[in-house]
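Residues per chain are reported as follows:
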Amino acid sequence: MSDYDSIVIGAGFAGAVVARELAERGGEQVLVLDERDHIGGNCYDAADKHGILIHCYGPHIFHTNIERVYKYLSRFTEWFDYRHEVVAKVGDKEIPVPFNLNTLKMVFGSEADELADLLIERFGADARVPILELKKADDPRLKKIADYVYQNIFLKYTMKQWGKSPEEIDPAVSGRVPVVLSKDDRYFQDTYQGMPRDGYTALFEKLLDHPGIRVKLGTNASDLLEFAPGTITPIYWRGEVFEGKVIFTGAIDELFDCRYGRLPYRSLRFDFEYFDRDVFQSHGVVNYTVSEDFTRITEFKYLTGETDKSGTTIVREYPFAYTGAEGEIPYYAINNAENDALYEKYKKLASECGLTLLGRLAEYKYYNIDAIVDRALDVALELMDE
Ligand code: FAD
Ligand code: UDP
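Keep in mind it's a predicted model, so treat the numbers as computed, not measured.

Colleague: Hey, could you go over the nonpolar core for me, with residue numbers and the actual values?
Modeller: General note: in soluble globular proteins, nonpolar side chains tend to be found buried as a group. Of all hydrophobic cores here, the largest spans 75 residues; its most connected members are Phe13, Leu73, Leu104, Ile145 and Val373. Residues in contact with isoleucine 145, not counting those within four places in the same chain, are Phe99, Leu104, Phe108, Leu115, Leu119 and Leu134. Counting residues in hydrophobic clusters, the runner-up holds 48 residues, among them Trp162, Ala221, Phe248 and Cys353.

Here it is as structure tokens:
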């Protein structure tokens, strides 16, 4: 008999929230495993050698319209009231992204008011219009706006990020950054937004701090568990049948040794650089939408509120196709009909083992933090009902 009621694989938001719920509400003994030597998954942050708090796996800004998610996370952190604004570097100009009525003014000058009226007449005030929708407009004046936005904001950035044009990727992806028919320069329009005041890792420490939870780091699940799809006693723990629940939040193809082939992902290389000066750039994030090999530069002190610190650290992001080589990390599922069909085969295998799949990798889905926390709260409830 095992000492645990449930084993959760992965200590990111998916794993940590489900573990907390099973332990706190379900009264379970929960083991959380993570192959990394830290908790927090991709939201992990830590001070660099200059004492500046950085996000080790790329910039993470919390934003949500889901009240229960905001309330839930607020149990484990206070918030730094951060207003995230992004600009795109186009030539020697920096223009607000998402493209909005302020951007329109900067780009089209005296013509902008007339164009704004036209956009609002066509789509409505405050509308959020995906670029691929705007591109369909017949009116040549709307077409002119669409062409500018497509060429200067989307085409090259998307080619760098995905290795494909906006038309070739899931439309929901470019739709995340629509043309916004308002003068709101914020990147996100959600009701709640901000940064954990003491950082994400501190939030995770509290989330996982429960007498029913034990965390074991530096441990790949495959070293402790055996999965035998299609058998009646599918999961083995230390050589014995494990009767409890197993929740997996990692890459599902890799758990099964890619037996049907690899699920495609995009990865990123993060290049951090420290500067012995107070400020590097004008905004927390500057997107390079027409030039450079990297997609964006983040300057952390804007995001974390450490603006009183001297010195500053930035990160540049270089996207590439994930190959599964040692040290690479899969960050983004590439959703299309073919890849989603391959994912379904792995999902079937997981279900034959009695595994619960949860998270951005395990569900092969583009989840933001709030969406995965919301999903983890639901999944925990479902598991407790079983
Ligand atoms: P993860 O955080 O990836 O956690 C999975 C964990 O499982 C990892 O720690 C991994 O080590 C572990 N694991 C995997 N396989 C195994 C195994 N076999 N054995 C043991 N452990 C294993 N969301 C926002 O809301 N706002 C943002 O600004 C934002 N920015 C982002 C920027 C980037 C560059 C990326 C890539 C994502 C961003 N996101 C953002 C999304 C956010 O990162 C995810 O929503 C969140 O991290 C998902 O949590 P998760 O638990 O599903 O996955
Ligand atoms: N995008 C773009 N230019 C930008 C910002 C975004 O082309 O300046 C596209 C790009 O394809 C990107 C997608 O919109 O992958 C979604 O952007 P978001 O900022 O939501 O991506 P994230 O970094 O959060 O995954």
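Colleague: I'd like a rundown of the pairing of strand E7 (residues 86-90), residues and numbers included.
Modeller: Of all 5 residues making up E7, 4 are buried, and the element is well covered by its neighbours. With 5 bridges connecting them, E7 and strand E8 (residues 93-97) associate as antiparallel partners. Looking at the pairing, valine 87 lines up with proline 96 of E8. The hairpin turn running from E7 into E8, its antiparallel successor, is 2 residues long, and glycine 91 in that turn takes a positive phi close to 65 degrees. As defined by bridge partners, E7 adjoins strand E18 (residues 285-287) across 3 bridges and the pair is classed as parallel. The partner of valine 86 across the bridge, within E18, is valine 285.

Colleague: Mind laying out the site of ligand 2, listing which residues take part and the relevant values?
Modeller: In the neighbourhood of ligand 2, 17 residues make up the surrounding shell, with Trp162, Arg176, Tyr187, Asn287 and Tyr366 lying closest. One of the side-chain N or O atoms of asparagine 287 is found 2.9 Å from an oxygen atom in ligand 2. Contact with the protein chains hides 93% of the accessible area of ligand 2, taken as 520 Å² for the molecule alone. Looking at the shell around ligand 2, the elements that each hand over two or more residues are helix H6 (140-162) and helix H7 (171-174). Looking at the shell around ligand 2 element by element, the count peaks at 6 residues for H6. Looking at the shell around ligand 2, its residues break down into 10 nonpolar, 5 polar and 2 charged.

Colleague: Got a sec to walk through the site of ligand 1? Specific residues and values, please.
Modeller: Surrounding ligand 1, one finds 30 residues, the nearest of these being Asp34, His60, Ile61, Tyr367 and Ile369. One nitrogen or oxygen atom from the main chain of asparagine 42 is found 2.9 Å from an oxygen atom belonging to ligand 1. At 2.8 Å from an oxygen atom of ligand 1 is found a main-chain nitrogen or oxygen belonging to isoleucine 369. Notes on ligand 1: free accessible area 1,000 Å², of which the protein chains cover 95%. Residue composition of the shell around ligand 1, grouped by class: 14 nonpolar, 11 polar and 5 charged.

Colleague: Account for the sheet that holds E7, naming residues and giving values.
Modeller: With mixed pairing, 7 strands are arranged side by side in an open sheet as E8-E7-E18-E19-E20-E17-E21. Strands with a single pairing partner mark the edges of an open sheet, and in this sheet they are E8 and strand E21 (332-333). Pairing between strand E17 (residues 265-275) and strand E20 (residues 312-321): 10 bridges, direction antiparallel. Residue pairing in the sheet places phenylalanine 270 in a bridge with glutamate 317 of E20. Along the sheet, H6 contacts E7, E8, E17, E18, strand E19 (296-299), E20 and E21; its crossing angle with E17, the most-contacted strand, is approximately 100 degrees.

Colleague: Residues and numbers for the sheet that holds strand E11 (residues 192-196), please.
Modeller: With respect to topology, 3 strands assemble into an open sheet ordered E5-E11-E6, the strand pairing being antiparallel. The open sheet terminates on both sides in strands that have one partner only, identified here as strand E5 (62-64) and strand E6 (79-80). Pairing analysis gives 3 bridges linking E5 to E11, with the strands arranged antiparallel. Considered in E11, the bridge of phenylalanine 62 is made with glycine 194.

Colleague: Describe helix H13 (residues 369-385), and please don't skip the residues or the numbers.
Modeller: When the terminal C-alpha atoms of H13 are compared, their 25 Å separation across 17 residues agrees well with the 24 Å that a helix rising 1.5 Å per residue should span. Within the span of H13, buried status applies to Ile369, Asp370, Ile372, Val373, Asp374, Ala376, Leu377, Val379, Ala380 and Leu383. Where the residues of H13 are buried, they touch helix H1 (13-24), E5, helix H2 (67-74), helix H8 (200-207), strand E16 (245-248) and strand E22 (355-357).

Colleague: Any chance you could break down the packing of helix H3 (residues 101-108) against H6 for me, citing the residues and the numbers?
Modeller: Between H3 and H6, whose axes approach to 12 Å, the crossing angle comes to 95 degrees. For the element pair H3 / H6, the angle class is roughly perpendicular. Here H3 contributes Leu104, Val107 and Phe108 to the contact with H6, which in turn contributes Lys144, Ile145 and Tyr148. Considering only residue class, the contact of H3 with H6 consists of 5 nonpolar, no polar and 1 charged.

Colleague: Before we move on, could you go through the pairing of E19 and cite the residues and values that matter?
Modeller: Alternating residues of E19 divide into Arg296 and Thr298 and Ile297 and Glu299, and every residue in both groups is buried. Direction of pairing for E18 relative to E19: antiparallel, over a ladder of 3 bridges. Residue pairing for E19: valine 286 is matched across the bridge by isoleucine 297. When E19 meets E20, the two strands line up antiparallel, connected through 3 bridges.

Colleague: Lay out the packing of aromatic side chains in plain terms, naming residues and giving numbers.
Modeller: Inspection of every chain in the model, using the stated rule, returns 25 aromatic pairs. Where phenylalanine 13 meets phenylalanine 204, the ring centres are 4.4 Å apart and the plane angle is 50 degrees; that geometry is what we call tilted. Taken together, the residues span a long stretch of sequence, with phenylalanine 13 in helix H1 and phenylalanine 204 in helix H8 at a distance of 191 residues. Grouping residues by exposure puts phenylalanine 13 and phenylalanine 204 together as buried. Note on tyrosine 260 and tyrosine 346: the rings are 5.1 Å apart at their centroids and 55 degrees apart in plane angle, and the pair reads as tilted. Of this pair, tyrosine 260 sits in the loop between helix H10 (252-255) and E17 while tyrosine 346 sits in helix H12 (residues 337-353), and the two are 86 residues apart along the sequence. Its relative accessible area of 34% is what places tyrosine 260 among the partly exposed residues. With a relative accessible area of 0%, tyrosine 346 lands in the buried category. Three or more aromatic residues joined by ring pairs form one cluster here, namely Phe62, Tyr70, Trp79 and Tyr192. Cation over ring: arginine 36 sits above tyrosine 57, and NZ or CZ is 4.3 Å from the ring centre. Here lysine 345 stacks its cationic end above the ring of tyrosine 260, 4.7 Å away from the centre of that ring.

The rules we used
Residues numbered from 1 in each chain as written. Chains lettered and ligands numbered in written order. Predicted model: local features only at pLDDT ≥ 70, side-chain atom pairs only at ≥ 80, totals over all residues. Heavy atoms only, no water. Core = buried A, V, L, I, M, F, W, Y, C linked by side-chain atoms within 4.5 Å. Buried < 20%, exposed > 50% of the residue type's maximum accessible area, 1.4 Å probe, protein only. Contact = heavy atoms within 4.5 Å. Helix = DSSP H or I, 4+ residues; strand = E, 2+ residues; numbered from the N terminus. Pairing = 2+ DSSP bridges. Near = heavy atom within 4 Å. Polar contact = N/O pair within 3.5 Å; in protein donor to acceptor, adjacent residues only side chain to side chain. Areas by Shrake-Rupley, 256 points an atom, 1.4 Å probe, with all protein chains shown as cover. Nonpolar A, V, L, I, M, F, W, Y, C, P; charged D, E, K, R; others polar. Axes fitted to C-alpha atoms, helices over the stretch in contact; angles between N-to-C directions. Expected span 1.5 Å × (residues − 1). Parallel < 35°, antiparallel > 145°, perpendicular 65-115°, else oblique. Phe/Tyr/Trp six-rings, centres within 6.5 Å; stacked < 30°, edge-to-face > 60°. Lys NZ or Arg CZ within 6 Å of the ring centre and 35° of its normal.

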